[in-house]
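# Report on the structure
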Amino acid sequence: MAVGDRVDRVDAIAKVTGKARYTDDFFRPGTLVAKYLRSSIAHGRVTGLSVEKARELEGVEAVFTYEDVPPIKVATAGHPYSLDPAHADVADKLLLTDRIKHLGDEIAIVVAENELIADEALALVEVEYEEYPALTTPEKILAPDARKIHEDSSNVVGEHQYECGGKLDEAFELADLIHEEQYYTAMVQHVHLENHTALAYMDDLDHIVVISSTQIPHIARRVVGQALGIPWGRVRVIKPYIGGGFGNKQDVILEPMVAFLTSKLDGQPVRLTLSREECMLCTRNRHPMDFEVKLGMKEDGTAVARMVDVISMTGGYASHGHSIVAAGGSKSCLLYPRMTIGYHARTLYANIPVGGAMRAYGSPQITFAIESAMDDAARKLGVDPVEMRIKNAARQGDINPFSKLPISSCGLVECLEKGRSLIRWDEKREDYRNHKSGKIRYGLGVACFSYGTGTYPVCVEIAGARIILNQDGSIHVQTGATEIGQGSDTAVAQMAAKTLGIPVENVHIVSTQDTDVTPFDTGAYASRQAYVVGNAVYKAATELKQKILDYAALLTGFPAASLDLKGESIVNITDNNTSVISLNDLALSSYYDKEKGGQLTADVSHKTTTNAPSFGCTFVDVAVDIPLCKVTINEIYNIHDSGVIINPVMAKGQVEGGMAMGIGAALSEQVLIDQETGRVHNNNMLDYKVPTFTDVPDIHHDFVETVEPTASYGNKSLGEPPIISPPPAIRNAILDATGVAVNELPMSPQVLFKAFKSHGLLKP
Amino acid sequence: MNKIITFTVNGKKRELNVDVRSSLLDVLREIVGMTGAKEGCGVGECGACSVLVDDLLVDSCIYMAVWADGKSIRTVEGECRDGKLSSVQKSYVEKGAVQCGFCTPGFVMASTAFKERFKDKTFTRDDIRREHAGNICRCTGYESIIEAVEQSMEED
């Protein structure tokens, strides 16, 4: 039984010894270094650009400007190609531009012998701008006289509206209480430890090789081809180990540029590695969102209607754009599915850093608004927040009002009951009644979430797996699914071992993706991989196992139906599982018998046409220091229904890491943008408050294991979900402790100071 | 301007001609060829480049290569000997303290320094937190790293 075991990560030894190779570790002497010339303004037009002095500097190989790049706009979002042009991503990005849309926009690029010379050359470039007012807030962007940020598009890059689960106005009529409130979530950043980096060279005169830190090698291949206007088959993308992505590398950011540069420089190797400051300013971020929520409740805490109106800001370029707020909205319909739900969302261009995919893709923002509103309503009604959620929570068999499909597996109520017991909710709630005044106040909070697994039916869900029986009886597995730290390779090894019936130690994984040889898969995002690649691995392993048993039948004369693969032998199940031939001998025969056999392989491409809902909740116990405006987490639990847990150690890691990121978003993380100029104040790891070791408390978690019928191994999404519910749970705990509803993220000391002051907890 | 410097890396003596502007990290990665230590920020914020210089934990991205002249450098590559992981490395594997792995070489050196410093002392979880505070991990939430350090302290 390999699935469910505490198997060590297949890449752990490579990583603890420093042997694991990441993109920059492929650097070789002679590699040219490229550096962008970035705009020093957030909105405007380049009116003069002088690069001659830079070109003449010794050690500079070339300087390219917006006049030198292909006049092709591409969509950078790492989505599958859309056969329906109406659903294609917005193609709005040139390799370089003179139309500045955010601070740090890319105007020119220097290629030099080394980084120091590239920096010197950049200092010699002279730029003149015509500057426009920076449009940084919905009010400014939607003003009737606001300039169009993209000349050929409205500033509203996407908009949609729907009602589901009934008629909204009729449902609100049934409510005893209508709660209306505004909520806001700030822009935050992924801060993966490895910055974006890519290296390109040419193998011959036609083929471009790109080594890149990407979550989506096959999509990157396509987008490079599109951006350069060359056949996609001439591009080869290699993805080695990558130092985290969290969605920021589900976007094609550097690959087209390095491919362009090597193609212009006779195939010389060129590296483009962003500094931390560039990475934080000029890659992608979580979209900031403004919400208006209207919630209709019955007196007993039954939720009857909810209308959410949201404005999402995608920054200077669309990237994933409106998909984020659309996906977050639709996935939130699963949480309390027996109510009527309305949703209206708009996504705006803005002269701020670009929004893209980030862990849980819109759900953290929307869940903050919904789960804050639920607690506000519970307080007004005098209902226990846990009881209220149990009353409304999704159950197996409920109909998802958005998709109209039944919820195939759901352990949300059990998650809530487990969390309530683990944190000793009832006992502490009683105890904390005496700690609601004075300097230090105590409170409890809860919040739930719902999420999907993969992107179907919005996008195709295609996954590939190839399994080979090696000469020694071990197997090699190759998938298009990308290991980005989440443990995909190890999960695949466990799944293949289970279905074949062999020890997991006899499974070798090809970790690197290489688009010239790797089975096609769209990559790591939407917590899809263990689900969709699981279905492909199951199919490939089942097929290979049948080939092994058929060949064993040929060799031994026993009917294949009486044989099975157990451990390292083929056994006769009709004769007490006695071994009839070892897998090693069978493998040798398949390769080297002169008359029969052949390499035994299975090569499968599988499209998953389902989407499994996953659920969970956070329980948190906080102390709020009123004078210091400081929140201390005494205890925190995440409880997840992610179906069958493939590997408890890796699952624990996903939950703890997501919770820490959620705690950061709740209490400290925010990209600080000057509203007048669009300048960013804190694009570094010192001023952007990513949680350090001393900021994260002891973290606890548990699982409610359901069995998801649409997954070959019963599993559902787990990579992204843990980040979703900690911020609203912490917010609700602060509300419980202080009586102050903080309606924005992050709940930093500055924000709490304002809130406590306006509620009279602190003297003005 | 270049300068010839001599140091030992994981016990082996090296004589190198380095640009005086180079960081120890650049020299280790690009001249010595040891790419275990990583650059996550280049300015001493994240700790991915941590190595030991005369057994003291430093951010090699802001430690000039010329300062290392005459000193003894330890990197993650030297911690696994004769095919055997160090107790710190072994604990990181077993406790699941590794995800993307980019911060791991730096963390392994920080934990190695911690282990050597606290070998015969009592310590708390907060001591582990404080002594690793210069290293940022975005994947694990640090919980499994604490567990790995605790386990490594119980082993030789």
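These numbers were taken from a predicted model, which means no experiment stands behind them. (Residues numbered from 1 in each chain as written. Chains lettered and ligands numbered in written order. Predicted model: local features only at pLDDT ≥ 70, side-chain atom pairs only at ≥ 80, totals over all residues. Heavy atoms only, no water.)

### Considering the overall build of chain B
Per the secondary structure count, chain B includes five helices and five strands. Listing each helix as α and each strand as β along chain B from the N terminus yields β-β-α-β-β-β-α-α-α-α. Radius of gyration (C-alpha) of chain B: 15 Å, near the 15 Å computed for a compact globule of 156 residues. Expressed along its principal axes, the backbone C-alpha trace of chain B runs to roughly 45 × 30 × 25 Å. In chain B, which comprises 156 residues, the share counted as buried stands at 59%. Nonlocal contacts in chain B, meaning residues at least 24 apart in sequence, comprise 55% of its contacts between residues at least 6 apart. A total accessible area of about 6,400 Å² is found for chain B, and carbon and sulfur atoms account for 47% of it. (Helix = DSSP H or I, 4+ residues; strand = E, 2+ residues; numbered from the N terminus. Rg over C-alpha atoms; globule rule 2.2 N^0.38 Å. Buried < 20%, exposed > 50% of the residue type's maximum accessible area, 1.4 Å probe, protein only. Contact = heavy atoms within 4.5 Å. Areas by Shrake-Rupley, 256 points an atom, 1.4 Å probe, with all protein chains shown as cover.)

### As for the domain arrangement of chain A
Residues and elements named next belong to chain A. Domain annotation for chain A reports domain 1 (27–132 + 196–273), domain 2 (289–456 + 610–758) and domain 3 (462–607). Spacing between the C-alpha centres of domain 1 and domain 2 amounts to 36 Å. Facing 22 residues of domain 1, the contacting portion of domain 2 comprises 21 residues. In total, about 1,600 Å² of surface goes out of reach between domain 1 and domain 2, with carbon and sulfur atoms giving 52% of it. The tally of links from domain 1 across to domain 2 stands at zero salt bridges. On inspection of domain 1 and its partner domain 2, the count reaches 13 residue pairs in polar contact (both at pLDDT 80 or more). (Domains from an automatic or database assignment. Buried area = accessible area lost by both parts, 1.4 Å probe. Salt bridge = Lys/Arg side-chain N within 4 Å of Asp/Glu carboxyl O. Polar contact = N/O pair within 3.5 Å; in protein donor to acceptor, adjacent residues only side chain to side chain.)

### Quick look at the interface of chain B and chain A
Taken together, the 50 residues of chain B in the interface contact 51 residues of chain A. Between chain B and chain A lies a buried interface of about 3,900 Å² when both sides are counted; carbon and sulfur atoms form 60% of it. Taken as a group, Gln99(B), Arg129(B) and Arg138(B) account for 20% of the area that chain B buries against chain A, more than any other trio of residues on that side. Taken together, chain B and chain A are joined by six salt bridges. Taking the shortest distance from any N to any O, the salt bridge between Arg29(B) and Asp25(A) comes out at 2.7 Å. Where chain B meets chain A, there are 24 residue pairs in polar contact (both at pLDDT 80 or more). The dominant element in the side of chain B that touches chain A, judged by the number of residues it contributes, is helix 5 (residues 143–153) of chain B, at five residues. Among the residues forming the side of chain B that touches chain A, the class breakdown is 24 nonpolar, 12 polar and 14 charged. (Nonpolar A, V, L, I, M, F, W, Y, C, P; charged D, E, K, R; others polar.)

### Focus on a negative patch on the surface
All names here are of chain A. On the surface, Glu58, Glu61, Glu113 and Asp266 cluster together into a negatively charged patch. Along the polypeptide, Glu113 turns up in the loop between strand 5 (106–112) and helix 3 (115–124). A relative accessible area of 52% places Glu113 in the exposed class. (Patch = residues over 30% accessible without salt bridge, like charges linked within 9 Å, V, L, I, M, F, W, Y side chains within 5 Å. Lys, Arg positive; Asp, Glu negative; His and termini not counted. Charge placed at Lys NZ, Arg CZ, Asp CG, Glu CD.)

### Concerning the nonpolar core
Within the largest apolar cluster, 162 residues are counted, with the highest numbers of intra-cluster contacts made by Phe291(A), Leu416(A), Ile730(A), Met747(A) and Tyr92(B). When neighbours within four sequence positions are excluded, Leu416(A) is seen to be in contact with Val386(A), Arg389(A), Ile390(A), Ala393(A), Val446(A), Cys448(A), Cys617(A) and Phe619(A). Of all hydrophobic cores here, the second largest spans 59 residues; its members include Leu37(A), Val60(A), Ala220(A) and Ala259(A). (Core = buried A, V, L, I, M, F, W, Y, C linked by side-chain atoms within 4.5 Å.)

### Quick word on the pairing of strand 4 (residues 56–59) of chain B
All names here are of chain B. Where strand 3 (residues 50–53) meets strand 4, four bridges bridge the pair, whose relative direction is antiparallel. When the bridges of strand 4 are listed, Ser50 appears paired with Asp59. Counting the residues in the hairpin turn of strand 3 and strand 4 gives two residues, including Asp54, whose phi is positive at 50°. (Pairing = 2+ DSSP bridges.)

### As for the pairing of strand 5 of chain A
All names here are of chain A. Of all seven residues in strand 5, seven are buried, a share of seventy percent or more. Bridging between strand 1 (residues 32–38) and strand 5 involves six bridges; their strand directions are antiparallel. Its bridge partner lying in strand 5, Tyr36 is registered against Ile109. Inspection of the sheet shows strand 3 (residues 60–65) paired to strand 5 by five bridges, in the antiparallel sense. Within strand 5, the residue paired with Phe64 across the bridge is Ile109.

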